Amino acid sequence: MYTGSILVVDLSTGEASERELDDALVDSRLGGAAVNLSLYEEFKDKDPVVIGSGLFTGSMVPGCALCVVTARSPLNGKVMHSPLVNYLGAELKLAGFPFVVLHGRSEAPSYLWLHDEIADVLPAQAIWGQDTWKAVDYIREEQGEERIQVLSIGRAGENRLSSAMAVVDYWSEGDKVGLGKRLGEMNLKAIATRGMGELEVDDPERTLGLCRRAMGAARSRLGGAKGVDSLLPGADLGDLSTIRHRDIACSGCPWPCRTFVKYNEPATVLKEELKEPGMLVADLSGFLALMEGGRSAADAARLLEACSRLGLEPMAAAARVKGIDLEESRSVLSSLASGGFEARGIPSVEGATCPGTFSPFAPNGGEKEVIALSYVLGICPRYSAKVGLDFELCAELIEATTGLEKGANELRDLANSIIR
Ligand code: SF4
């Protein structure tokens, strides 16, 4: 279930070294947040940022889109886990770097390009000072590949503000713990990855059967739910339906809980006719915060776009633009990202589980062991909170994919060991 090796990058020297992901580590910690914590402990004196994929990330196990960043949060000083979804985890794993340890500080702005088991630290002067959307476009064009997944920072991160957010592709998502500031301190504009590798499973037929079983159970629980409004039924999303274009899922996920909205042209245009960009409402908590004070869904989405471009955490920023008109709000956001705007702590997201351990990403709750095991296995915590996580089935899937025998109780113990 893993291909490639652990990558360790010292940004101070630009040196990247690789080492084997040994069986004993996978046997005892499986992956994701649990392996990340082991690597964090090993490099603790270097204040590392560790990025890791879960055991099932990038596979056919339903909901397996998760990649986890483990680092000290500048907002509370604790080691926290941030979720990254979309296609980033799958690409990272298939690029041959299931785990990446970053430390040091690059002398000049740089970005890390991971592909085909090759790691390059490349100059980023051309995109330093540019917004995250331009950074993504630049990297995809420079590397000649549209499907590259990019984690990047905007102006807020470059200015090392605790209100900064690291952004996946163009979208504000799971970092509410100040990872944007940490990357800015490293002078690292972006991490870009594209994977062409393959995963091998121990028993393909059994794995397929178990995935079908998991999918059947999930479908009956989902019952056709889709869109950001299905993430938190009952939340007041105002006139969102007037700008809704389509609902989009991440890699390997049967529940498209994110909604793409159009506010620069009619939301009724067909996908093929899209000309102007819109915004993916994936960060529901940020979106709701920007709607406060009676703002329309379209204007809240416009400001969510501005936050994503600036790499600014929208819940922190929302309080500063409440009750202000759109144009002035844009200008306020721009000056907040330019300097001096520090967040007061990790934002409180009602319903989020284990907020002292995990960046508050899933407002739809979930039992703490379920959420923690999801961070180990690489299953999206929102997905697990929605459809549940059958520990017996997970144990069977682990055995079918890797040959490792783990009982449900052992999985519970591992999950609890990462909750702080
Ligand atoms: S539940 Fe939503 S955020 Fe999670 S993987 Fe599926 S589409 Fe992505």
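The preceding data block contains the structure.
**Student:** Any chance you could explain the side chain of K406 here in plain terms?
**Tutor:** Structurally, K406 is set in the loop between α14 (391-402) and α15 (408-418). By relative accessible area, which is 13% here, K406 ends up buried. A distance of 2.5 Å separates a polar atom in the side chain of K406 from the backbone oxygen of D27. Side-chain polar atoms of K406 contact the side chain of E410, separated by 3.2 Å.

**Student:** When you look at the environment of P74 in this model, what are you seeing that I'm missing?
**Tutor:** Within the secondary structure layout, P74 lies in the loop between β4 (67-72) and β5 (79-84). Its relative accessible area of 25% is what places P74 among the partly exposed residues. For the pair P74 and I346, spaced 272 residues apart in the sequence, the C-alpha separation amounts to 9.4 Å. Apart from residues lying up to four places away in sequence, P74 is in contact with V177, G178, K181 and R182.

**Student:** What should I look at first to understand empty space enclosed by the protein in this one?
**Tutor:** Take a probe with the size of a water molecule and roll it over the atoms, and the empty space left behind shows itself. Within this structure, the stated rule accounts for 5 cavities of 30 Å³ or more. Estimated volume of the largest cavity: approximately 100 Å³. Taken together, 13 residues make up the lining of the largest cavity; nearest its centre are C250, C253, W255, C257 and C380. Taken together, the residues of the lining of the largest cavity break down into 11 nonpolar, no polar and 2 charged.

**Student:** Just checking my understanding: could you explain helix α12 (residues 368-377) for this structure?
**Tutor:** Along an α-helix, residues three or four apart share an orientation, since each turn contains 3.6 residues. Burial of α12 is extensive: 8 of the 10 residues sit out of reach of the surface. Immediately beyond the C-terminal end of α12, within one or two residues, lies G378, with a positive phi of roughly 85°.

**Student:** Explain helix α4 (residues 132-143) here, please?
**Tutor:** Over its 12 residues, α4 extends 16 Å from the first C-alpha to the last, a length consistent with the 16 Å expected when each residue adds 1.5 Å. Where α4 is buried, its residues contact β7 (110-115), β9 (149-152), β10 (167-168), β11 (188-194), β14 (279-281) and α9 (297-310). The N-cap residue of α4 is D131: its side-chain oxygen and the backbone nitrogen of W133 are 2.9 Å apart. Positive backbone phi, approximately 65°, marks G144, located one or two places after α4.

The rules behind each value
Residues numbered from 1 in each chain as written. Predicted model: local features only at pLDDT ≥ 70, side-chain atom pairs only at ≥ 80, totals over all residues. Heavy atoms only, no water. Helix = DSSP H or I, 4+ residues; strand = E, 2+ residues; numbered from the N terminus. Buried < 20%, exposed > 50% of the residue type's maximum accessible area, 1.4 Å probe, protein only. Polar contact = N/O pair within 3.5 Å; in protein donor to acceptor, adjacent residues only side chain to side chain. Contact = heavy atoms within 4.5 Å. 1 Å grid on protein atoms, 1.4 Å probe; cavity = no way out; pocket = protein on both sides within 12 Å on 5 of 7 lines; lining within 4 Å. Points joined across faces, edges and corners; volume = space filled by probe spheres on them. Nonpolar A, V, L, I, M, F, W, Y, C, P; charged D, E, K, R; others polar. Expected span 1.5 Å × (residues − 1).

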